[in-house]
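# A closer look at the structure
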Amino acid sequence: RPAARPLLSLEKFKSVAIQSASLEFCPPFPETKMSVPPDPRFSVSRTARFSLIHPSSVTVAAPPAPKAAAPVRQSAAVAAEDLFVSDMSVAEKMEVALSVGEECIQPQELEKLFEAKQHPVVYDGFEPSGRMHIAQGVMRAINVNKLTRCGCLFKFWVADWFAQLNNKMGGDLNKIRTVGQYMIEIWRAVGMDMRNVRFLWASEEINASPDEYWSRVMEIARLNNVARIQRCCTIMGRKDSDEMSAAQIMYPCMQCADIFYLKADICQLGMDQRKVNMLAREYCDSRKPKIKHKPVILSHHMLMGLKEGQEKMSKSDPDSAIFMEDEASDVKRKIKKAFCPPAQANDNPILDYCKHILFEFYGQMTINYKDGSPARTYLTYAELEADYVADNLHPGDLKAAVTDGINGIIEPVREHFRQPEMAKLLKKVKSYRVTR
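The sections below set out a description of the structure shown in this document.

Here Asn407 is to be found in helix α15 (residues 395-416). Accessibility expressed as a relative area gives 13% for Asn407, which makes it buried. Once residues lying within four places of it in the same chain are set aside, the contact partners of Asn407 are Ala328, Val331 and Arg414.

Counted residue by residue, strand β4 (residues 121-126) has five buried out of six residues, so it is predominantly covered. Relative to strand β5 (residues 153-158), β4 runs parallel, the two being bridged by six bridges. Looking at β5, one finds that Val121 is bridged to Leu153. What joins β4 to β5 is helix α4 (residues 134-149), and the crossover it makes is right-handed.

A complete count under the given rule lists 27 salt bridges for this structure. Among the salt bridges present, the one from Arg274 reaches Glu103, with a minimum N-O distance of 2.6 Å. Of this pair, Arg274 sits in helix α11 (residues 274-286) while Glu103 sits in strand β3 (residues 103-105), placing them 171 residues apart in sequence. Of the charged contacts, one joins Glu219 and Arg287 as a salt bridge, the two residues approaching to 3.3 Å between their closest N and O atoms. Note that Glu219 is positioned in helix α8 (residues 210-222) and Arg287 in the loop between α11 and β8 (296-299), a separation of 68 residues in sequence. Each member of the pair, Glu219 as well as Arg287, carries the same accessibility label: buried. Taken together, the salt bridges that share partners define one network made up of Glu327, Glu411, Arg414, Glu415 and Arg418.

A separate point is the nonpolar core. Core analysis: the largest hydrophobic core is formed by 116 residues, its most contacted members being Ile134, Trp157, Tyr182, Met365, Leu384, Leu398 and Ile406. The element that contributes the greatest number of residues to this core is helix α6 (residues 173-190), accounting for ten residues. Residues within four places of Ile134 in sequence aside, it is in contact with Met139, Leu303, Met313, Ile322, Met324, Tyr353, Ile357, Ile406 and Ile410.

A word on the sheet that holds strand β6 (residues 197-201). What the six strands build is an open sheet, ordered β3-β8-β7-β4-β5-β6; its pairing is mixed. Strands with a single pairing partner mark the edges of an open sheet, and in this sheet they are β3 and β6. Across the face of the sheet, α6 comes into contact with β4, β5 and β6 while running at roughly 175° to β6.

Calculation rules
- Counting restarts for each chain: residues are numbered from 1 in the order of the written sequence.
- A pLDDT threshold of at least 70 governs which residues receive local features in this predicted model, and a stricter bar of 80 or more applies before side-chain atom pairs are shown or counted, although totals over entire chains, interfaces and linings include all residues.
- The basis for the side-chain values is all heavy atoms of the structure; hydrogens and waters are excluded.
- Helix numbers and strand numbers start at the N terminus; a helix is a DSSP run of H or I with at least 4 residues, a strand a run of E with at least 2.
- Accessible area is worked out with a 1.4 Å probe on protein chains only. A residue is then buried under 20% of its type maximum, exposed over 50%, and partly exposed in between.
- Pairs of residues are marked as contacts when any of their non-hydrogen atoms sit within 4.5 Å.
- Pairing between strands is defined by DSSP: at least two bridges between them are needed.
- Place the viewer so that the strands point away; then a crossover is right-handed whenever the path from the first strand over the helix to the second strand goes clockwise.
- Take a side-chain nitrogen of Lys or Arg and a carboxyl oxygen of Asp or Glu: if they are within 4 Å of each other, that pair is a salt bridge.
- Buried residues of nine kinds, namely Ala, Val, Leu, Ile, Met, Phe, Trp, Tyr and Cys, make up a nonpolar core once their side-chain atoms join them within 4.5 Å.
- The axes used here are C-alpha line fits, helices contributing only the stretch in contact, and every angle between their N-to-C directions lies in the interval 0 to 180 degrees.

Next up, the structure:
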């Protein structure tokens, strides 16, 4: 029997394990840098519903060639002089921020945050999982612009590892990263104000400071039982009862850890992510010592799918959603076929689009009647809904206005993806099979 080997110290074991996991799980990925040169044409309006930045004033630096060494982590903190400083009062910031969310936990904490910080950190993570629909494209741009108008720093967590854990793009990390680039290009084209926005790739950031990240993940896992974590699995678009891999059980613990790793003050995600955001607040109380300042949860509305009974859009069902680079004819066809019961506001996806997309983007809606009656401009959604419920507005006339409005919003995106390099990127993304 060979002589016993000397035992590894705990620190040495952790170092070896982390290096091994990093090398096998994820090759170094070229960093994506967003740069926004000063643009005298752009100004932030306190009253405008959607502040538009011209796409030509935002550039995405070409990724450098992959390096053999592990990527060096860029500091997530950004100097105050690099950020837009809002001159809004706390009360005005509260009004704008609360208009983003269908639910806020807790408003009084949000108010104290605006009183204490000039640049609260807002977090949202997204899986690069396929083509982008208008809920993720337009609604996200509207909400980001609202919060950056308040002076917030918005950190996007490009969740490439998470998409792999959740078997998106068949778990192919190269495809996932290509889709991530495509999504950034869409937000750039649709008018997201990038000055207070940072895109951080999860694989890069985690590999650069693994001890800090995985220690937090392990602590969250240790403080919660399996049943509590499984209840969070709806964040991945899955049911509690679904059969899941061990990797997918890790997912909620990791997403919870992201919030603290990014030093987020506000979690601004959809209502479908509420359970894991609440897990983060519970974690603040369950650990020792407790975390005094819990993240504020600002959950936005989930836009309905176009078909009857669809609570949200589905990337796997192309006719349930308008995609950001859909042609005008595609938009017209999908809206024409969409569920829109006469004189009914509840569970009506067309009215849902009016309220959360068109009125938020344009601030008004004009209806041109097919019978030749004079056109009418509605200045509030409430007026339009009242007329529709009273049967004074026909679904056909409403659908025509919605079609024109959506095509107006996404035309700059179509134009962006007609450029040769962008056209190649879009073709590649469209060729990928959506998996889950």
